Structure formats: C-alpha cells, structure tokens
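A look at the structure
One-letter residues, chain by chain:
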Amino acid sequence: MYRPSSPVECGTLPRTTNSARLAELDAYGILDTAPEDGFEDIVHLAASVCAAPVALVSLVAADRQWFKARIGFPGCETDLNSSVCAHALTAPDMLVIPDLTADARTRANPLVTGEPHIRFYAGVPLRSPEGHALGSLCVIDTTPRPSGLTGEQADNLRRLARHVMALLNERRQLVRLRISEDRLSNAFARQVALTEIGDHLRDLSTIPQMSAAAAEIVGRTLEASRAGYGELDATGAVIEVLADWTPSGARNLLGRHRFADYGTLGPVVARGETLAIGDVDTNPLTADDARTFRRFDIQALLKVPIQEQGRTVAMLYVHDTKRRDWSPEEVVFARNVADRVLVSVARLRAEEEQGTLNRELSHRMKNTLAMVQAIATQTMRNAVDLDAAQEVLSARLVALGRAHDMLLDQTGASADLAEVLRQALAIHDDAQAGRLRVEGPPVKIGSKPALSLTLVIHELATNAVKYGALSTADGYVQVRWSIEPTDKGAILNLRWSEHEGPPVTPPQRRGFGSRLIERGLAGSIGGGIALSYPPEGVVCEMSAALAEIEADA
C-alpha cells in the first residue's frame, strides 16, 4: 500500500514563477497545443489502473494550470487557486492526499468546496532531465481514499508519468529540430536577399532607386511591417527618408523627421550604435514617446546607422507592428545591407563626381584652346616681326598658365581675387618694395572671369614695364577694388592706376593688347572696362556684377 503524503499546516501555494522552470516549460512548446493520441492514451490508462474517474496530464505555468490531456474533467485549464497539481511540484516523489477536505493545503480549494467536489488526489511530478518539475500526471476521485493507492497502482502511475516525460522530451527534440530548420531556412533567405541586393545595387543608377530596392528586400526578408532608408543632414538632427517600404501600402514615412520628436534616439544614432528595440512601450529610449511610435504602427524597431569618417550620414531602419525579439542574425543581416548600400552610394557619387570633372575639364580645355588661338592669332597679326611675336606670345601664354595653376591649386572652381592679381603681377615683380600695391576686400572669383582678368592685368603690367610707371625706378602701380551695393545687386569696381612714371600720351594705334584689355571682362561676363591715358599715368577702371564675378564658368 502506498502511504499518503504528510499534510502541512499552510494553504499557501508553492512558488510557480521560477524563471528557470518556466523557461524549461516554454522550451517544450507544449502549452495550448492540440490533443495528441499518446497523451490521451496515458490518461485513459491512468484512470483505469487507479480506478479513478478523473486523470490529467497537468502542466503548471506562471499563472494557470493547463491540461495536455484529460478524462473526466470538464475544462482544459484552471487558475492556480484551483490547482492541486501546483503542490506536486515540490514533492520528492508522488503526492497523495487521501482527503482534500482534511488537508490544510487544499481544504479551501474551489474545486473541493464547490463543483466537482473532488476529494482524493494522487500525482507524480513530471520532471525534465534538468530536474525542473513541469506539472504532474494525476488521478482524482470524488470520494476520499484513506488508504491512498495500492502499491501496484502507485508503481503503474509512476511508469505512466515516465512515459509522459518521454513523449514530452521527444516533442522538445522535434521543436528544436523545427527551430534549427527555421534558422537554416531564414539564414538561406538572408543570404539570397544579400545576393539580390548586390545585383540591384550594381545595376541601379540613382540613390533613390538603390535605397528603395534595399528597403523592399530587407522588409520582405525579415517579414517586417516597414523598412526604409534615409540620409541625415549636416547637423545630424534631421533625417530625410528617401525610401519607405510597407507590404500593404500603409502610411509611409517619406520626408524629413527630427530625431528629437522620437524619444532619445538621436544621440544613439549619432554615435553610430545599432538599435534593436523589441517593444517601444518598455524600452527606456522610447517609452516616454511610445504614443508617437504607435501613431505610425511601430511596436518594435531596428535602426542601423551608416557612418562615414566617424559621422553618421544615413540610416537603414526596420519596423514591426508587434513586439519582436530581434535575433543577432537579423541585426547582422541589416548591418550587412547597410554596409552594401553605403559602398554603392559612395561608388555612385564617385562616378557622378568623375563625370562632372570630365565635363568640366572638357569645357575648360575648349575655353583655354579658344583663348590660346585668339591670343596667337591677334599677336601674329599685330607683330612687327617673328621675334617680337614670339616674345609677346610667350609672355601672354605664361600669364595664362599661371592663372590655370592658381585655379588648380584652389580646387579649380574659384579663387581669391587678391591672389589672382598677385599671380598675374608676379612675373613683373622686381622685388622693389611698394612697386605693386594690391588692396581690397575679400572676393571670390570664378574660373572664367579669373582667366580673363589675368590676361587683362598681364597686358596692363606689360605696358607699364615698357612705357609706364614700372619703366622707372620710382614708379608704382596701384590696384584697388571695392564692392558697391545697388538695387540690382552688388557691383565690383576695380581700378588700375599708374603713378610716378613718365608722362603719358594716348597711343596712336590700338593694338591687340589694347583691344584685349578693353574687351576682357566684357567678353567673358558682360562687365565694363574704361581705359584712359591721363599724363600722370594710365588708368583702367573695370566694373561687373559681383554675382557674375563669383560665378564659375
């Protein structure tokens, strides 16, 4: 005869919320599953062997007991207040309570005091290989059994309990295999997605197309509710979403967004840290603004910043409408996609910049060759002999070359006006202090007006060396400029004046040099030039719209 368990003097339920036990129970994937013949056969055998009207395979969760199989009991679960099996969790072997009304642990149980008025209980704990009690295989009667179970009945109930655990362990192995298969399938899907993204990024020719393709593939692969790509402004405080994919055409996030409107994500993104948030309601970075996220149907999010030279320049994001635990593999996949997008965007921008440089080089080469041709033609036409023509042409081409060198030194787009003038006059600098006086406010000058101005200054300086102020020891040249505001925009006024040179008389003949001076800026940007010959020294006054002076060719 199997003896009943000794009663205790307290009706308090054993602790059922042990995290390790609950994790073990969850790993079996058994709760709330459909009936299975193996478990149903066991409860029928248990009821028959023990001559009991009720037999249960009971599994005790944190807040309920659920019956995988049952006979003679109406419901598939009860709350823990109605659970006798919860007491079996701490039993070293079989728990037997001959009269539930006489035991302090169960006398107030609703199933004892009310329907179905159970009176006898015998249960064998269902222990996992790791030693955690998951529930019990039990038999119940509506009449007390002072002698409990016979020895044979108790042994058979233990054997049946071992069969229950064998079925549960087999089921856990199947769950693990299914998870492994799912992981392999997901890993294969992610690898296929990376290959697909690589093909798209290689073939597409614009950043919006690239970002849209990447967003769609990431969203489909991760079975997300939204995926997108955006670029940050220079401050890092605003993101402009260029692509936003949703599977059902839900509300998109295209446009500009401030990170400050979405919790405290901004600083984290700025540091380049990947964010994997499973629940915006509970994460400290998003909890205070959870309502904002839910307005866009965002319950979980994954954000992958993209950095260049230590600064976050873009971001790939994935959203879900439900709580979600982002796996490390999913995070790595999103990171790989972000890296591929970064490389492809950088390649595309490099190609665009190279194309721009090529077009700019072609344009400037044509302009330069046209200018050289005009200089050569006019020089030869007005030359007295070949030697003189060679000297003049060589000096003019040297000045043109200096201007090009200076523009290249300053990125080839624009230069400082003062530097343009100093370079143009450098060939005529005899190292005597005060001979070349250049002064005026800072002004950027575009490449085309810089070349024209260089040639004009070179011609003026050449004439000053031959006939004007620089032909004497005490003479000097002054170049001054100022900016004059007008209703139609700012005007740059520049004045060349020669001092302390020989008396000046107007030339009898206007050669190419004079025509080049008078047409210099007018020919390139529509500016005006006035050349005069007062006795005290040559004066050349030039004016042009500042916007035209600063504009690149």
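Residues numbered from 1 in each chain as written. Predicted model: local features only at pLDDT ≥ 70, side-chain atom pairs only at ≥ 80, totals over all residues. Heavy atoms only, no water.

Within the chain, the secondary structure is distributed over 14 helices and 19 strands. Buried residues in the chain amount to 45% of all 553 residues. A fraction of 64% describes how many contacts in the chain between residues 6 or more apart in sequence connect residues 24 or more apart. Total accessible area on the chain is roughly 27600 Å²; 52% of this is exposed by carbon and sulfur atoms. (Helix = DSSP H or I, 4+ residues; strand = E, 2+ residues; numbered from the N terminus. Buried < 20%, exposed > 50% of the residue type's maximum accessible area, 1.4 Å probe, protein only. Contact = heavy atoms within 4.5 Å. Areas by Shrake-Rupley, 256 points an atom, 1.4 Å probe, with all protein chains shown as cover.)

The next point concerns the packing of aromatic side chains. With the rule as written, the count across this model stands at three aromatic pairs. An angle of 45 degrees between the planes, with centres 6.3 Å apart, marks the rings of Y262 and F296 as tilted. Pair noted here: Y262 is in the loop between β9 (255-258) and α7 (265-270) and F296 is in the loop between α8 (290-295) and β11 (300-308), with a separation of 34 residues, a long-range link. The two residues Y262 and F296 agree in class, both being buried. By way of ring pairs, the aromatic residues Y262, F293 and F296 are connected into one cluster. Taking NZ or CZ as reference, R437 lies 3.6 Å from the ring centre of Y476, over its face. (Phe/Tyr/Trp six-rings, centres within 6.5 Å; stacked < 30°, edge-to-face > 60°. Lys NZ or Arg CZ within 6 Å of the ring centre and 35° of its normal.)

The next subject is the sheet that holds strand β1 (residues 54-60). Spatial ordering of the open sheet is given by β3-β2-β1-β6-β5-β4, a layout of six strands whose pairing is antiparallel. Pairing within the sheet leaves two strands with one partner each, and these edge strands are β3 (77-79) and β4 (95-97). In this sheet, neighbouring strand axes are inclined to one another by 25 degrees on average, regardless of whether the strands run parallel or antiparallel. Sheet topology places strand β2 (residues 64-71) next to β3; three bridges connect them, and they run antiparallel. If you follow W66 over to β3, its bridge partner there is E77. (Pairing = 2+ DSSP bridges. Axes fitted to C-alpha atoms, helices over the stretch in contact; angles between N-to-C directions.)

With that settled, consider the side chain of S497. Inspection of the secondary structure puts S497 in strand β17 (residues 491-499). According to the relative accessible area criterion, S497 is buried, its value standing at 3%.

What follows covers the sheet that holds strand β12 (residues 311-320). Strand order in this open sheet of six strands is β9-β8-β7-β12-β11-β10, and the pairing throughout is antiparallel. Only two strands of the sheet have a single neighbouring strand rather than two, namely β9 and β10 (275-277). When the angles between neighbouring strand axes are averaged without regard to direction, this sheet yields 25 degrees. Where strand β8 (residues 238-245) lies against β9, four bridges are found, and the strand directions are antiparallel. Along β9, the bridge assignment pairs V241 with G255.

With that out of the way, let us pick up helix α6 (residues 207-221). Working note: α-helix, 3.6 residues per turn, so residues spaced by three or four point in the same direction. Under the 1.5 Å per step criterion, the end-to-end length of α6 is 21 Å for 15 residues, consistent within 8% with the ideal 21 Å. Where α6 ends, the next residue or the one after it, E223, has phi of about 50 degrees, a positive value. (Expected span 1.5 Å × (residues − 1).)

Oppositely charged side chains may form a pair once their charged atoms are brought near each other. Tallied over the full model, the rule gives 25 salt bridges. Among the ionic pairs, R226 bridges to D244, the shortest N-O distance being 3.5 Å. Highlighted residues: R226 in strand β7 (residues 226-232) and D244 in strand β8, separated in sequence by 18 residues. Salt bridges linked by common partners bring D279, D281, R294 and R323 together as one network. (Salt bridge = Lys/Arg side-chain N within 4 Å of Asp/Glu carboxyl O.)

Across the seven residues of β1, seven count as buried, placing the element largely inside the fold. Relative to β2, β1 is paired through six bridges, and the arrangement is antiparallel. Paired with V60 across the two strands is Q65, which belongs to β2. Between β1 and β2, which pair antiparallel and follow one another directly, the connecting turn spans three residues.

Note that S471 resides in the loop between α12 (447-466) and β16 (476-484). The contacts of S471, once residues within four sequence positions are left out, are A464, V465, K466 and P502.

Right, let's get into the side chain of T312. The residue T312 is located in strand β12 in this model. On the accessibility criterion, T312 (4% relative accessible area) is buried. Here the side chain of T312 touches A270 through a polar contact of 3.2 Å, landing on its backbone oxygen. At 3.0 Å, the side chain of T312 and the side chain of Q307 are in polar contact. For T312, the contacting residues outside a window of four places in its chain are L232, V269, A270, R271, G272, P305, I306 and Q307. (Polar contact = N/O pair within 3.5 Å; in protein donor to acceptor, adjacent residues only side chain to side chain.)

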